[in-house]
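# Commentary on secondary and tertiary structure
For reference, the chains in residue letters:
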Amino acid sequence: MRIRIASLLLFCSLFCMAETPNERQARQMFNQVYDMVFGAQGSSLHYSVNIIGVFKTEGSIWYKGKKSKFIDEKYDAYSDGVTYWRADRKKKEVAIYSMNDDNKDKYQSKFKFEPDDYEYSIARDEKVYWITLKLKKGRKGMKEVRAELDVKTRYPRALRIKVGIFHVTVKITNFKTGGISDNIFVFDKQHYPNYKYIDHRGEGK
């Protein structure tokens, strides 16, 4: 009897853990888009951010694996996957961090993301896919992410992100995947003459 009960409980637990077809499709499509953006072929896009109408900014981003480059209204940021340079154009300062230092960008640190920490679902109409990610219980991170994708190209068009009690809306345009040169991610001091350099690497050790 005990063996039967244990077997029944095991079966029920496995059944409950199994993905539904909707969840499976959502995760597969999300993985495809994630690789399109962050894969070895590289990508670029223009973004505009609106945080509950209080904070707004826009800029351009380039990704290639662990490498990235950000250009927005106030600063430029480069990462070669190991080192992070943040150039504040108003202050004429360049801060240098190790990539694993959470202090390198307090704004971006609020948007840490681990794909396995979320439950996935998908919906669509004639023009748009919506992939919704909800944070699993006991996990830390963004509470919810809703990605809007073009139904033909599956290129990202917008994100709506819930962080704490507020929502962030990110509009995405001019998305391109592939053809991104490694030279884009090289920080060149010649572009920032007369800047003060502050090296934060090694702090806190």
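Below: a short report on this structure.

The rules behind each value
- Residues numbered from 1 in each chain as written.
- Predicted model: local features only at pLDDT ≥ 70, side-chain atom pairs only at ≥ 80, totals over all residues.
- Heavy atoms only, no water.
- Salt bridge = Lys/Arg side-chain N within 4 Å of Asp/Glu carboxyl O.
- Helix = DSSP H or I, 4+ residues; strand = E, 2+ residues; numbered from the N terminus.
- Buried < 20%, exposed > 50% of the residue type's maximum accessible area, 1.4 Å probe, protein only.
- Pairing = 2+ DSSP bridges.
- Axes fitted to C-alpha atoms, helices over the stretch in contact; angles between N-to-C directions.
- Core = buried A, V, L, I, M, F, W, Y, C linked by side-chain atoms within 4.5 Å.
- Contact = heavy atoms within 4.5 Å.
- Phe/Tyr/Trp six-rings, centres within 6.5 Å; stacked < 30°, edge-to-face > 60°.

The next subject is the pattern of salt bridges. Under the defined criterion, the tally for this structure stands at 8 salt bridges. Measuring nitrogen to oxygen at the nearest pair gives 3.6 Å for the salt bridge that ties D182 to K67. Here the residue D182 occupies a position in the loop between β11 (166-177) and β12 (196-199), and K67 occupies one in strand β3 (residues 67-72), the gap between them amounting to 115 residues. A relative accessible area of 37% places D182 in the partly exposed class. In this structure, E148 and R157 form a salt bridge, with 3.1 Å as the shortest nitrogen-oxygen distance. The class for R157 is partly exposed, based on a relative accessible area of 33%. If you follow the salt bridges from partner to partner, you end up with K64, K67 and D182 in one network.

Let's shift gears to the sheet that holds strand β2 (residues 55-64). Taking strand neighbours across the sheet as the criterion, the 12 strands line up as β7-β8-β9-β10-β11-β1-β2-β3-β4-β5-β6-β12 in an open arrangement whose pairing is mixed. Strands with a single pairing partner mark the edges of an open sheet, and in this sheet they are β7 (118-124) and β12. The average angle at which neighbouring strand axes cross in this sheet is 15°, direction not considered. One ladder, built from 7 bridges, connects β7 with strand β8 (residues 128-135); its direction is antiparallel. From the neighbouring strand, Y118 faces β8, where its bridge partner is L135.

Moving on, we come to the nonpolar core. With 35 residues, the main nonpolar core has Y120, I131 and L133 as its most contacted residues. Per element, the largest residue contribution to this core is 6 residues, and it comes from helix α2 (residues 21-38). With sequence-adjacent residues up to four places away left out, Y120 is seen in contact with N22, E23, A26, R27, F30, F113, P115, I131, T132 and L133. By size, the runner-up hydrophobic cluster in this structure holds 8 residues, among which are Y78, A87, V94 and Y195.

This next bit is on the packing of aromatic side chains. All told, the structure shown has 12 aromatic pairs when counted by the stated rule. Residues Y34 and F38 carry aromatic rings whose centres are separated by 4.8 Å and whose planes lie at 45° to one another, so their mutual orientation is tilted. You can see Y34 and its partner F38 sitting in helix α2, 4 residues apart, about one turn around the helix. Assessed through its relative accessible area of 33%, Y34 is described here as partly exposed. Each ring, one from Y63 and one from F70, has its centre 6.0 Å from the other, and the planes form 90°; the classification is edge-to-face.

With phi around 65°, R154 is a residue other than glycine that occupies positive phi space. Assignment of secondary structure puts R154 in the loop between β9 (144-150) and β10 (156-163). At N194, a residue that is not glycine, the phi angle is positive and equals roughly 65°. Tracing the chain through its elements places N194 in the loop between β11 and β12.

Our next topic: the environment of A26. The residue A26 is located in helix α2 in this model. Between the C-alpha atom of A26 and that of Y120, which follows or precedes it by 94 residues, the distance is 5.8 Å. For A26, the contacting residues outside a window of four places in its chain are Y120, S121, I122 and I131.

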